[in-house]
Amino acid sequence: MEKRELRKYLRIALVVFGIGHLIAAAAEGFRDLFPLAVAGMSIFVAATNFCTQCPLLSAVRRMLSRKRNTVIATKKI
């Protein structure tokens, strides 16, 4: 499976998950706002390019993908 296809399916799953929580919040009459917040975050992450632009996720991915650590030479003053 190509990376684009996987990302597309993950976005679809996040939208479906968010809509499910939105329906659950509406069924409860919006008494509890937690399902509404989860729905909003899920739909926001799926609708934007947040996962690929998040600096923390990028740093972790870069750190895990390195085969060896690079050493930067420094000079003492």
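Residues numbered from 1 in each chain as written. Predicted model: local features only at pLDDT ≥ 70, side-chain atom pairs only at ≥ 80, totals over all residues. Heavy atoms only, no water.

Here we look at the side chain of S42
Which entries qualify depends on this criterion: Put simply, DSSP H or I for four residues or longer makes a helix, DSSP E for two residues or longer makes a strand, and each gets a number counted from the N terminus. Polar contact is defined as a pair of N or O atoms within 3.5 Å, subject to the rule that within protein one atom must be able to donate a hydrogen and the other to accept it, and that residues adjacent in sequence are counted only when both atoms are side-chain atoms. By definition in these notes, contact holds between two residues if any of their heavy atoms fall within 4.5 Å.
For S42, the location among the structural elements is in helix 2 (residues 34-47). Reaching out from S42, the side chain makes a polar contact with the backbone oxygen of V38 at a distance of 2.9 Å. S42 has contacts with L14, F17 and G18, leaving out every residue within four places of it along the chain.

With respect to a nonpolar patch on the surface
Defined as follows: Without a salt bridge and with relative accessible area above 30%, a residue can belong to a patch; like charges are then joined within 9 Å and nonpolar side chains (Val, Leu, Ile, Met, Phe, Trp, Tyr) within 5 Å. Only the protein chains shown count as covering a residue, and every accessible area follows the Shrake-Rupley method with a 1.4 Å probe. Note on definitions: salt bridges are taken to be side-chain nitrogens of Lys or Arg within 4 Å of carboxyl oxygens of Asp or Glu.
Among the surface-exposed residues, V15, I19, L22, I23, F30, L33, L36 and I43 lie close enough to one another that they form a single nonpolar patch of about 650 Å² accessible area. Secondary structure elements with two or more residues in the nonpolar patch: helix 1 (3-27) and helix 2. In terms of residue count, helix 1 provides more of the nonpolar patch than any other element does, 4 residues in total. Its place among the elements puts L22 in helix 1.

So, helix 2
Just so we agree on the cut-off: Helix span is expected to be 1.5 Å times the residue number reduced by one. When accessible area is computed with a 1.4 Å probe and restricted to protein chains, residues below 20% of their type maximum are described as buried, those above 50% as exposed, and intermediate ones as partly exposed. As used here, the arc is the angular range of directions from the helix axis to the C-beta atoms.
Taking 1.5 Å as the rise per residue, helix 2 with 14 residues should run 20 Å; its terminal C-alpha atoms sit 20 Å apart, in good agreement. P35, V38, A39, S42 and A46 are the residues of helix 2 that are buried. Down the axis of helix 2, the sector holding all buried residues measures 100 degrees, keeping them to one side. Turned more than 90 degrees off the buried face of helix 2, the exposed positions are M41 and A47. In the core, the buried residues of helix 2 are packed alongside helix 1.

Quick look at unusual backbone geometry
Its identity as a non-glycine residue notwithstanding, F30 has a phi of 55 degrees, on the positive side. Mapped onto the elements of the fold, F30 is located in the loop between helix 1 and helix 2.

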